[in-house]
Amino acid sequence: MSEQPYNGPSGPETEEDQEKAPIRDLLVSAAFTLFTERGYERTTVDDIVRRAGVGRRSFFRYFPTKEEVVFPDHERALADMVEYLEEGSQDPDPVGRACGAARLVMRMYAENAEFSVKRYALTRKVAALKAHETSVVWRYERALAAYLERRFAMLADGDVRACTVAASVVAAHNHGLRAWLRSGARGDAAAGVDRALDLVHRTWGDTGDTIVLVTRSSTPMWQIVQHLEGAQAGQSQARN
């Protein structure tokens, strides 16, 4: 597999980004070339900056640790996910929105398939990278859970539901994505991810049950809530 310069999934947006992007890409490309030639553990930051033709300080402007250079696109992907979730604060289907957020991350991998396959192979071999990847995945899951906690705030089981759905979305995304990466990125990356996320949506999304309650305008709110809870309990018993 020939070495290609890394091209991130999202182009720079500001003048400052435009100045930084070329050096950042040089560092990532140099790092992966060296990891292939020498192995991850035997490659130092000094090796990377020499191969990239930049100073050591330049490396740490972009990447706090050597592990970070392997995951150069996740900060942007996480920011895009958070923005997408915030834009869906009134989405009537919060579980569907969470699944859509996971698809954003999948597209980030698919847009640079060769790089994604190389990174997957590398993280399988290096324990430090596997641990770092786990921390990255946790940040995605935490962003999803925070969004769902807000959306489920009125439910008695809102907190546990939010955490459970967020974990399910991440697990489904990773199942489909890793199968695609193991195949060498053959076929459509979205296909397996979509199937897994559709299962999550069917399991946790809107069941389609509708409750219509007619009351007087003077009815106290506590009585309305009591009636709704009774109706929901009746529907649950009927389904069971």
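Located above this text is the structure these notes cover.
Before going into details, it helps to say that this report is about the structure given with it. (Residues numbered from 1 in each chain as written. Predicted model: local features only at pLDDT ≥ 70, side-chain atom pairs only at ≥ 80, totals over all residues. Heavy atoms only, no water.)

### A short note on the pattern of salt bridges
Phase 1 of the analysis: Enumeration over the complete set of coordinates arrives at 14 salt bridges.
Phase 2 of the analysis: Between D47 and R38 there is a salt bridge, with the nearest N and O atoms lying 3.0 Å from each other.
Phase 3 of the analysis: Residue class for R38 comes out partly exposed when judged on its relative accessible area of 38%.
Phase 4 of the analysis: R124 is paired through a salt bridge with E133; the nearest N and O atoms lie 3.1 Å apart.
Phase 5 of the analysis: Overlapping salt bridges, with partners in common, bring together R38, D47 and R50 in one network. (Salt bridge = Lys/Arg side-chain N within 4 Å of Asp/Glu carboxyl O. Buried < 20%, exposed > 50% of the residue type's maximum accessible area, 1.4 Å probe, protein only.)

### Thoughts on helix α8 (residues 158-182)
Phase 1 of the analysis: Taking 1.5 Å of rise per residue, 25 residues should cover 36 Å, and α8 covers 36 Å from first to last C-alpha, within 8% of that figure.
Phase 2 of the analysis: A positive backbone phi angle near 85 degrees is found at G184, which sits one or two residues after α8. (Helix = DSSP H or I, 4+ residues; strand = E, 2+ residues; numbered from the N terminus. Expected span 1.5 Å × (residues − 1).)

### Description of the nonpolar core
Within soluble globular proteins, side chains that are nonpolar generally end up buried alongside one another.
Phase 1 of the analysis: Membership of the largest hydrophobic core comes to 39 residues, with the highest contact counts inside it found for M81, Y140, L144, L148 and V169.
Phase 2 of the analysis: The set of elements that each furnish at least two residues to this core consists of α4 (74-87), α5 (94-111), α6 (113-125), α7 (127-151), α8 and α9 (189-204).
Phase 3 of the analysis: Ignoring sequence-local partners within four residues, the contact set of M81 consists of A101, A102, L104, V105, Y140, A143 and L144. (Core = buried A, V, L, I, M, F, W, Y, C linked by side-chain atoms within 4.5 Å. Contact = heavy atoms within 4.5 Å.)

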